[in-house]
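Working through the structure, step by step
Read off the chains here:
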Amino acid sequence: MRAAEFLGATPGEDGSWHFHIPVELHGAFGGAFGGVVAAAAIMTARAVVDGRRPAALDVRFLRSLPAGAVRAIPTVLHAGRTLACVSVDLSTDDGRLAARATVSLVADEALAAVNAEHTERALPAYDDGRAWPPVGAPIIETLAPRTVEWPEGGHAVALRVPWDDVEQTSAEAACLPGDMCVGPPVVFEPSAAGLAHPNPDLSLRFAAPVTSQEVIGVGRLERVCDGLATVAIEVWSSGGLVAVGVSSSTLLARK
């Protein structure tokens, strides 16, 4: 299966894209899982910038996306020699705006072919992880994430990318663990016990390509202040860091 097939992606005649996101791809708080929404936004942005490589993503989740059709409308905000910036609006089937993303993409031919040395690390294997208990989120059954040991601070979540063309859709693949790892640090924070904690945003910077089906997202709670939790994100694959980011979680008052 290819990424476009997993997301039910089809191009529209007016430059828009259409995705089919079934209930199996929904998260814990209702509506489509944020990592899937982010991946759809990147796939849409790619289509209007002629082969450029995603470098950054910022997405705001404004309302739940129900199961079914999603329409994504890209707008090229800037297309320079090196950098292009695309805004993507994702709407429900009845036209209500559900998410807005901004994706930056770079032209490889404009960049110097330089690489700095980095330290490879042995990553824990998915098969050695501990399966998540059922928590009423269909995406947990679909992606089957597992908690794995991590030598540093943070909660590490391993999963297998559910499509085959990972290297061609590296940024989309990084969105899955990048969003999946946001919840655990908040769940295990004593001050947040018993509170709903949806995350209304996700920002990622793509540091290197994903080259393996197995990916690990590491979430680290940086601070909780006045009901807003800030979580730092790392995404790892094939022994190296492939993305970094941040997300907010809103700790909702009990009714």
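By convention here, each chain's residues receive numbers from 1 onward along its written sequence. Totals for whole chains, interfaces and linings use all residues, but because this is a predicted model, local features are given only for residues with pLDDT of at least 70 and pairs of side-chain atoms are given and counted only at 80 or more. Where side-chain values are given, they derive from all heavy atoms of the structure, hydrogens and water being excluded.

1. Remarks on the side chain of Ser 91
Heads up, the rule is: Where helices and strands are cited, they refer to DSSP runs of H or I of at least four residues and of E of at least two residues respectively, numbered from the N terminus. Whether two residues are in contact is decided by their heavy atoms, any of which lying within 4.5 Å being enough.
Inspection of the secondary structure assignment puts Ser 91 in strand 5 (residues 83-91). With residues near it in sequence (within four places) discarded, Ser 91 still touches Leu 65, Ala 69, Val 70, Arg 71, Arg 96, Leu 97 and Ala 98.

2. As for unusual backbone geometry
Most of the time, phi is negative for any residue but glycine, and the peptide bond is trans. With a phi close to 55 degrees, Asp 50 is a non-glycine residue in the positive phi region. Along the chain, the position of Asp 50 falls in the loop between helix 2 (34-46) and strand 3 (53-61). Non-glycine residue Asp 226 carries a positive phi angle of around 55 degrees. Mapped onto the elements, Asp 226 comes out in the loop between strand 11 (214-225) and strand 12 (228-237).

3. So, helix 2
Residues lying three or four places apart along an α-helix face the same way, a consequence of the helix completing one turn every 3.6 residues. Note the threshold: Multiplying one less than the number of residues by 1.5 Å gives the expected span of a helix. Working definition: with a 1.4 Å probe on protein chains only, accessible area under 20% of the residue-type maximum means buried, over 50% means exposed, and in between means partly exposed.
In a regular helix each residue adds 1.5 Å, so 13 residues correspond to 18 Å; helix 2 covers 19 Å between its end C-alpha atoms and thus fits that length. With 12 of 13 residues buried, helix 2 is to be regarded as a mostly interior element. Residues Gly 34, Gly 35, Val 36, Val 37, Ala 38, Ala 39, Ala 40, Ala 41, Ile 42, Met 43, Thr 44 and Ala 45 constitute the buried set of helix 2.

4. Digging into the nonpolar core
Note the cut-off: Within this scheme, the nonpolar core is defined by two criteria: the residues are buried Ala, Val, Leu, Ile, Met, Phe, Trp, Tyr or Cys, and they are joined through side-chain atoms within 4.5 Å.
Formed by 67 residues in total, the largest nonpolar core has its most connected members in Phe 19, Leu 57 and Leu 90. Looking at this core element by element, the count peaks at 9 residues for helix 2. If sequence neighbours within four positions are ignored, Phe 19 has contacts with Leu 7, Gly 8, Ala 9, Ala 40, Met 43, Thr 44, Gly 68, Ala 69, Val 70 and Ala 72. If you look at the next biggest cluster of nonpolar residues, it comprises 8 residues, including Tyr 126, Val 148, Trp 150 and Val 218.

5. Here's the deal with the environment of Ala 110
As for its placement among the helices and strands, Ala 110 is situated in the loop between strand 6 (97-106) and strand 7 (130-131). Separated by 29 residues in sequence, Ala 110 and Arg 81 place their C-alpha atoms 6.9 Å apart. Apart from the residues within four sequence positions on either side, Ala 110 is in contact with Arg 81 and Thr 82.

6. A closer look at the pattern of salt bridges
Oppositely charged side chains can pair when the atoms bearing their charge come close. Definition in use: Each salt bridge in this description consists of a side-chain nitrogen of Lys or Arg and a carboxyl oxygen of Asp or Glu lying within 4 Å of one another.
Counted under the stated rule, the structure contains 11 salt bridges. In this structure, Arg 46 and Glu 172 form a salt bridge, with 2.8 Å as the shortest nitrogen-oxygen distance. Of the two residues, Arg 46 sits in helix 2 while Glu 172 sits in helix 4 (residues 170-180), which places them 126 residues apart along the sequence. Residues Arg 96 and Asp 94 are paired through a salt bridge, measuring 3.4 Å at the closest nitrogen-oxygen approach. Counted as one network, the salt bridges with shared partners bring together Asp 127, Arg 160 and Glu 214.

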